[in-house]
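# Working through the structure, step by step
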Amino acid sequence: MESMIHVGGISKSFGPVRAVQNLSLDIPRGQLFCFLGPNGAGKTTTIKMLCGLLYPDAGDIRIGGRDLRADPLSVRRITGYIPDFPFLYERLTAAEFFDFSGELYGLPAVEIRGRREESFVEFGISDYAHTLIKDLSHGYRQRLIYAVTLLHRPEVLFVDEPFIGLDPFTIRLIKNLLREQAGAGMTIFLTTHILALIEDLADRIGIIVGGRLVAAGTRSELERASPAAGGSLEEIFFSLAGPERPAGGTGIHA
């Protein structure tokens, strides 16, 4: 199966802090991969390296067969990134921000307007198209950033903590969107520490603790490797990632 995201032994340190240590992963096209871990585990550092915002101290990253360090612009053309706290131009309206983003992607004005109408309907923000971003609720800001990030129809989407502070309606909308996009062939890499929200979402799950990948696999594979077999994802997570986890990981390979 074609690997859309290849991570080969990457590491990243900040002074004495080893944020990510010798991380290797291969994620095929159309897979929704969820990176689980406690706060400070290395999730955001990893996703920033995959997006080219940080360079690893060692190892290599290939996105869609392209070397991220050698050809970053080519990689950015096929990727989208939604950080945990996205930056928005608050003095623009939702429509103005969408149109401005489309111009940055080099899309024709007619195409941008067509995609805006389609996206605003899909995300339920048509009634707020001419509302200043500063006046939008957190949930509607998140809907807008998804619409803008998907504007250029990326092949790979990176999402850092997609459900923080969202109401149940927006969570459901985003979960459905992510599953639909993965079903249509988009490769999605998301990070979270909210286990309950991804149990029925992810195709594969990786668990990172202290900068190290301790397990990766499907829900069934993680369960088979866990002493908490037959338990909830929460129980499986703690059995694999907790302080009593044996040194050397679980034997499941990414």
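A few points on the structure.

What counts, and where the lines are drawn
- Residues numbered from 1 in each chain as written.
- Predicted model: local features only at pLDDT ≥ 70, side-chain atom pairs only at ≥ 80, totals over all residues.
- Heavy atoms only, no water.
- Helix = DSSP H or I, 4+ residues; strand = E, 2+ residues; numbered from the N terminus.
- Buried < 20%, exposed > 50% of the residue type's maximum accessible area, 1.4 Å probe, protein only.
- Contact = heavy atoms within 4.5 Å.
- Areas by Shrake-Rupley, 256 points an atom, 1.4 Å probe, with all protein chains shown as cover.
- Lys, Arg positive; Asp, Glu negative; His and termini not counted.
- Charge placed at Lys NZ, Arg CZ, Asp CG, Glu CD.
- Pairing = 2+ DSSP bridges.
- Axes fitted to C-alpha atoms, helices over the stretch in contact; angles between N-to-C directions.
- Core = buried A, V, L, I, M, F, W, Y, C linked by side-chain atoms within 4.5 Å.
- Parallel < 35°, antiparallel > 145°, perpendicular 65-115°, else oblique.
- Left-handed = near helix turned anticlockwise from the far one by under 90°.
- Phe/Tyr/Trp six-rings, centres within 6.5 Å; stacked < 30°, edge-to-face > 60°.

### Overview of the overall build of the chain
Helix and strand content of the chain: eight helices and 10 strands. Overall size of the chain, expressed as C-alpha extent along the three principal axes, is 55 × 40 × 35 Å. In the chain, which comprises 254 residues, the share counted as buried stands at 49%. Restricting the contact set of the chain to residue pairs at least 6 apart, pairs at least 24 apart contribute 67%. Carbon and sulfur atoms form 52% of the exposed surface of the chain, whose accessible area is close to 12000 Å². For the chain, the distance from the average position of its 26 positive side-chain charges to the average position of its 30 negative side-chain charges is 4 Å.

### A few points about the sheet that holds strand E10 (residues 212-217)
The six strands are arranged E6-E7-E8-E3-E9-E10 in an open sheet whose pairing can be described as mixed. The two strands at the open ends of the sheet, each matched to only one other strand, are strand E6 (79-82) and E10. When strand polarity is set aside, the average angle formed by the axes of neighbouring strands in this sheet is 15°. With five bridges connecting them, strand E7 (residues 156-160) and strand E8 (residues 187-192) associate as parallel partners.

### So, the environment of Ser232
When you line up the elements, Ser232 lands in the loop between helix H7 (219-225) and helix H8 (233-241). Distance in space between the C-alpha atoms of Ser232 and Ala109 is 49 Å, their sequence separation being 123 residues.

### Things to note about unusual backbone geometry
One non-glycine residue, Asn22, adopts positive backbone phi at about 50°. You can see Asn22 is positioned in strand E2 (residues 17-28). Classification of Asn22 as exposed rests on a relative accessible area of 55%. Here the phi dihedral of Arg153 falls at roughly 55°; this positive angle occurs in a residue that is not glycine.

### Remarks on the pairing of E2
For strand E1 (residues 3-14) and E2, the ladder comprises eight bridges, and the chain directions are antiparallel. By the bridge assignment, Phe14 is partnered in E2 with Val17. Between E1 and E2, which pair antiparallel one after the other, the connecting turn spans two residues, and Gly15 there sits at a positive phi close to 65°.

### Describing the nonpolar core
By size, the foremost hydrophobic cluster in this structure holds 52 residues, and its most contacted members are Leu36, Leu144, Tyr146, Leu178, Ile198 and Ile207. Listed in part, the 25 residues of the second largest apolar core include Ile47, Cys51, Ile63 and Phe158.

### Let's talk about the sheet that holds strand E5 (residues 66-67)
On the basis of which strands lie adjacent, the open sheet formed by four strands has the order E2-E1-E4-E5 and antiparallel pairing. The sheet is open, and its two borders are formed by E2 and E5, each paired with just one other strand. As paired elements, strand E4 (residues 58-63) and E5 share two bridges and run antiparallel to each other. Looking at the pairing, Arg62 lines up with Asp67 of E5.

### Regarding the packing of helix H3 (residues 94-104) against helix H4 (residues 109-122)
Running from N to C, H3 and H4 point in directions that differ by 130°, and their axes come no closer than 10 Å. In terms of orientation, H3 lies oblique with respect to H4. Handedness of the crossing formed by H3 with H4: right-handed. The segment H3 lies against H4, with Ala94, Ala95, Phe98, Asp99, Gly102 and Glu103 engaging Ile112, Arg115, Arg116, Ser119 and Phe120.

### Some thoughts on H8
Among the residues making up H8, those that are buried are Leu233, Ile236, Phe237, Ser239, Leu240 and Ala241. For H8, the elements touching its buried residues are strand E3 (32-36), strand E9 (204-209), E10 and H7.

### Observations regarding the packing of aromatic side chains
Inspection of every chain in the model, using the stated rule, returns 10 aromatic pairs. Taken together, a centroid distance of 5.7 Å and an interplanar angle of 85° make the contact between Tyr89 and Phe100 edge-to-face. Linking Tyr89 in the loop between E6 and H3 with Phe100 in helix H3, this pair joins segments that are 11 residues apart in sequence. Given a relative accessible area of 39%, Tyr89 falls into the partly exposed group. Judged by relative accessible area, which is 32%, Phe100 ranks as partly exposed. Measuring from ring centre to ring centre gives 6.1 Å for Phe158 and Phe189, while their planes differ by 55°; the resulting arrangement is tilted. On the criterion of sequence distance, the pair formed by Phe158 in strand E7 and Phe189 in strand E8 is long-range, its members being 31 residues apart. Among the aromatic side chains, those forming a connected cluster through ring pairs are Phe33, Phe35, Phe158 and Phe189.

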